[in-house]
Amino acid sequence: MLLDVAKIEAFYGASQALFGVDLSVAEGEAVALMGRNGMGKTTTIRAICNLNPPRAGRVKIGGVDIRGKRPHHVAKLGIGLVPEGRRCFPNLTVRENLVAAARPGTWTLERVNELFPRLEERHAQMARSLSGGEQQMLAIGRALMTNPRLLILDEATEGLAPVIRQDIWKAIRRLKAEGLSILVVDKTLSELLPVADRCVILENGKSAWSGKPADLTSELQDRYLGV
Amino acid sequence: MLSRENLVNLVLAATLLAVPLAANALGQPFYVTLATRIAILALAATGLNLALGLGGLVSFGHAAFFGIGGYAAGILATHGFSGDPLIFGLPGTNQMWVIWIVAVVVAGLVGLAIGAISLRTSGVYFIMITLAFAQMVYYFAVSWPAYGGEDGLSILVRNQFPGVMTMRPLSFFLICYVILLIGIGLFALIRASRFGSALQAARQNEVRVATVGIEPYRIRLTGFVISAMMTGLAGALFADLNRFVSPSMLSWHMSGELIVLIILGGTGRLFGPLAGAALYVAFEYALGGLTERWQFFLGLILLVVVLFARGGLLGLLAGKARHG
């Protein structure tokens, strides 16, 4: 198992946010992490990256327990995070954003530029001057430049124009087809479910349901995801 | 086509070369010395610009490296002149290139020690702890009678460089000028490298850098050490320019001066330190001739720059800084 999360509990200060999340991603698998707002999706991702270390349970990446490892060590284990809110380095150029993250592997500047031609067109521009969609492409490109074993996308299409969303989903489908393991959080079920091999739903900081997208009935959707 | 910034840079570099050549032809060696001073201070500030401009590390202790370079030159030259062995039976030397290597290595090692501890802090604490380390080196030099203590150390004859008459002001200027250009070239290479991007990324957001697998501490420490080495080399040249080294090279005024040079010229800009050093030395000379209190007016100018021209001189001449 590439990512193995077992019964993790996490806190923000004194208040508990996760009460036992179980989650796994196999090599080459795409897993959708779902749930309403505030149920713990982003907190789970932060725990996996050890940005907010879990106080109980364990996280293993490629069999290695991340306990006590600093975030940059976790990243080197093969986690490529595309954080919520398109967080680039605003005062670096597009190219510098990508090059700063580079680690040896099959993903190079050329391949990222091929995946997102718009980034190549804007390579000398400051990241802060890009549109929201382009910043998102840059954030994904930056994560790919680290040559991750597992790509984590946290709300990668939120707040983007429909046309740009299509581009991003196209890229995600292509990455999946190439065999990259993906953990993806997104609210657009119509795009998310066809990509996912498996879904995990969180409710109140716990894993509440997991299974194949085909088994996610409309009753289940109403119960766990409806507003 | 040349960008506006490259054009400004080219003009700055050409002017710094043209002025002493003209002064020399007109028999005005004083201006050659002034230009040499600009080149050396610009080199020291280019070193600091790596840490401060790219890494966002406001080191208030770079005088330590500047002074260490100076003392490396002074001490080696003293032993070279007297023939007394330095340590472990090793002799001193009057060869500049040996002195430069020693200055760079010692400044780098001290930079490693100071950086390894200081970089565990950030913000105001980082400023204070680098200041504290520099003051330690300063008081050590003051209380070390073997090499002049408070009175400093004279270098009787300017050190030698193969094939160059270093005592001629213009020849020594050309040495400093070439080293400055190499230093600026190195800065440009570093800034364009993966390491330079990571150093700048760490300035902007530590957590985001960690999530792409880069340890901010190591990147910063490497940047800090390279920065210390370049400033140390400038210190060795400065000692040879004045043929004198004293604890004042190590004092916090010197650290402040280097920061001022960068702010005047443009933080993080390739030729910012040179622009700043030229402006600073010109003020020092022009205002210093009119009033003893020239630093008061320099303070006013600095205030204006910080309030109204945050990109410094290069920001004014070459447009808005990409830096932030």
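Residues numbered from 1 in each chain as written. Chains lettered and ligands numbered in written order. Predicted model: local features only at pLDDT ≥ 70, side-chain atom pairs only at ≥ 80, totals over all residues. Heavy atoms only, no water.

Looking up chain B in an unreviewed UniProt entry gives the name Branched-chain amino acid transport system permease protein, with the organism given as Xaviernesmea oryzae. According to the UniProt record, the Subcellular location (unreviewed entry) comment for chain B is "Cell membrane". (UniProt positions renumbered as here; feature names shortened; annotations may be inferred.)

As recorded by an unreviewed UniProt entry, chain A carries the name Branched-chain amino acid transport system ATP-binding protein and is attributed to Xaviernesmea oryzae. Regarding chain A, the relevant UniProt record gives this comment under Sequence similarities (unreviewed entry): "Belongs to the ABC transporter superfamily."

Student: What is the right way to look at the overall build of chain B in this model?
Tutor: In terms of helices and strands, chain B carries 13 helices and two strands. By the compact-globule yardstick of 20 Å for 324 residues, chain B fits well, its C-alpha radius of gyration being 19 Å. Counting only C-alpha atoms and orienting by the principal axes, one finds that chain B spans roughly 55 × 50 × 40 Å. Here chain B, with 324 residues, has 54% of them falling under the buried criterion. The contacts in chain B between residues at least 6 apart in sequence include a share of 79% that link residues at least 24 apart. As displayed, chain B has an accessible area near 14,200 Å², and 70% of this comes from carbon and sulfur atoms. Of the charged side chains in chain B, 17 are positive and 10 negative, and the gap between their average positions amounts to 16 Å. (Helix = DSSP H or I, 4+ residues; strand = E, 2+ residues; numbered from the N terminus. Rg over C-alpha atoms; globule rule 2.2 N^0.38 Å. Buried < 20%, exposed > 50% of the residue type's maximum accessible area, 1.4 Å probe, protein only. Contact = heavy atoms within 4.5 Å. Areas by Shrake-Rupley, 256 points an atom, 1.4 Å probe, with all protein chains shown as cover. Lys, Arg positive; Asp, Glu negative; His and termini not counted. Charge placed at Lys NZ, Arg CZ, Asp CG, Glu CD.)

Student: Even after reading the chapter, I still don't get the overall build of chain A, so can you show me in this structure?
Tutor: Counting its regular elements, chain A contains nine helices and 10 strands. Scaling as 2.2 N^0.38, a compact globule of 227 residues should have a C-alpha radius of gyration of about 17 Å, and chain A matches this with 17 Å. Along the first, second and third principal axes, the C-alpha atoms of chain A reach 45 × 40 × 30 Å. A total of 227 residues make up chain A; the buried ones form 54% of that total.

Student: Looking at this structure, how should I read the interface of chain B and chain A?
Tutor: Accessible area lost on assembly of the parts is the figure often given for the size of an interface. Across the contact, 20 residues belong to chain B and 25 residues belong to chain A. Together, the buried faces of chain B and chain A total about 2,000 Å²; carbon and sulfur atoms form 56% of this surface. At the junction of chain B with chain A, the criterion picks out one salt bridge. Of all the secondary-structure elements, those providing two or more residues to the side of chain B that touches chain A are α7 (194-204) and α8 (206-211) of chain B. When residues in the side of chain B that touches chain A are grouped by element, the largest group, six residues, is from α7(B). (Buried area = accessible area lost by both parts, 1.4 Å probe. Salt bridge = Lys/Arg side-chain N within 4 Å of Asp/Glu carboxyl O.)

Student: How should I be thinking about the nonpolar core in this particular structure?
Tutor: Here is a general trend for soluble globular proteins: nonpolar side chains tend to be buried in one another's company. Among the nonpolar cores identified, the biggest contains 155 residues, and Met34(A), Leu144(A), Leu151(A), Leu153(A), Leu16(B), Ile40(B) and Phe66(B) are the most heavily contacted of them. In terms of residue count, the dominant contributor to this core is helix α2 (residues 29-54) of chain B (16 residues). Filtering out sequence-adjacent residues up to four positions away, Met34(A) remains in contact with Lys41(A), Leu189(A), Leu192(A), Leu193(A), Cys199(A), Val200(A), Ile201(A), Leu202(A), Leu216(A) and Leu225(A). By size, the runner-up hydrophobic cluster in this structure holds 28 residues, among which are Leu18(A), Ile45(A), Ile48(A) and Cys49(A). (Core = buried A, V, L, I, M, F, W, Y, C linked by side-chain atoms within 4.5 Å.)

Student: Whenever I open this one, the pairing of strand β1 (residues 3-12) of chain A confuses me. Can you help?
Tutor: Where a strand is regular, its side chains alternate between the two sheet faces. Residue and element names in this part refer to chain A. Where β1 lies against strand β4 (residues 56-61), five bridges are found, and the strand directions are antiparallel. In the strand pairing of β4, Val5 is matched with Val59. Direction of pairing for β1 relative to strand β2 (residues 15-25): antiparallel, over a ladder of eight bridges. Among the inter-strand pairings, Asp4 is bridged to a residue of β2, identified as Ser24. The loop that links β1 with its antiparallel partner β2 comprises two residues; one of these, Gly13, has a positive phi angle of about 60 degrees. (Pairing = 2+ DSSP bridges.)

Student: How do you make sense of the sheet that holds strand β5 (residues 64-65) of chain A when you look at a structure like this?
Tutor: Two strands in a sheet stick together by hydrogen bonds in their backbones, pointing the same way (parallel) or opposite ways (antiparallel). Residue and element names in this part refer to chain A. Taken in spatial order, the four strands of this open sheet run β2-β1-β4-β5, and their pairing is antiparallel. Either end of the sheet is taken by a strand with one partner, and the two such strands are β2 and β5. Along the sheet face, helix α1 (residues 41-48) touches β1, β2 and β4 and points at about 110 degrees away from the line of β1. (Axes fitted to C-alpha atoms, helices over the stretch in contact; angles between N-to-C directions.)

Student: Would you explain the pattern of salt bridges in this entry?
Tutor: When the charged atoms of two side chains with opposite charge come close together, those side chains can pair. Residues and elements named next belong to chain A. Tallying each qualifying case throughout the model produces 16 salt bridges over all chains. For Glu203, the salt bridge is made with Arg36, and the minimal N-O distance between the two is 3.5 Å. Of this pair, Glu203 sits in strand β9 (residues 198-203) while Arg36 is found in the loop between β3 (30-34) and α1, placing the two residues 167 residues apart along the sequence. A network of salt bridges, in which partner residues are shared, links Arg111, Glu114, Arg174 and Glu178.

Student: When you look at the sheet that holds β9(A) in this model, what are you seeing that I'm missing?
Tutor: Residue and element names in this part refer to chain A. Pairing within the open sheet is mixed, and its six strands lie in the order β6-β7-β8-β3-β9-β10. The open sheet is flanked by β6 (79-82) and β10 (206-211), the only strands paired with a single partner. Geometrically, the sheet is characterised by an average inter-axis angle of 20 degrees between neighbouring strands, direction not taken into account. As paired strands, β3 and β9 are joined by four bridges and run parallel to one another. Paired with Val31 across the strands is Arg198, a residue of β9.

Student: Would you take a moment to explain unusual backbone geometry for this structure?
Tutor: Peptide bonds are trans in most cases, and residues, glycine excluded, mostly fall at negative phi. Phi at Asn204(A) is positive, roughly 45 degrees, even though this residue is not glycine. Mapping Asn204(A) onto the fold places it in the loop between β9 and β10. Owing to a relative accessible area of 53%, Asn204(A) belongs among the exposed residues under this scheme. Phi is positive for Arg243(B), which is not a glycine, with a value near 50 degrees. Turning to its location among the elements, Arg243(B) is positioned in the loop between α9 (216-242) and β2 (244-245).

Student: How should the UniProt feature "transmembrane region" (unreviewed entry) in chain B be read in this particular structure?
Tutor: Residues and elements named next belong to chain B. With numbering aligned to this structure, UniProt lists the feature "transmembrane region" (unreviewed entry) at residues 37-57, 64-82, 97-117, 124-147, 167-190, 221-239, 259-283 and 295-318. Counting secondary structure, residues 124-147 comes out at 79% helix and 0% strand; the distance between its end C-alpha atoms is 34 Å. Taken end to end, residues 259-283 is 76% helix and 0% strand, and its first and last C-alpha atoms sit 16 Å apart.

Student: What exactly am I supposed to notice about empty space enclosed by the protein here?
Tutor: In this approach the atoms are scanned with a rolling probe the size of a water molecule, which exposes any empty space left behind. For the structure on display, the rule yields two cavities of 30 Å³ or more. Its volume calculated, the second largest cavity comes out at about 40 Å³. Along the walls of the second largest cavity sit Cys49(A), Pro71(A), Val74(A), Ala75(A), Ile79(A), Ala210(B) and Thr211(B), which together make up its complete lining. Of all the secondary structure elements, the ones that give two or more residues to the lining of the second largest cavity are α2 (71-76) of chain A together with α8 of chain B. Of the residues that constitute the lining of the second largest cavity, the class distribution is six nonpolar, one polar and no charged. (1 Å grid on protein atoms, 1.4 Å probe; cavity = no way out; pocket = protein on both sides within 12 Å on 5 of 7 lines; lining within 4 Å. Points joined across faces, edges and corners; volume = space filled by probe spheres on them. Nonpolar A, V, L, I, M, F, W, Y, C, P; charged D, E, K, R; others polar.)

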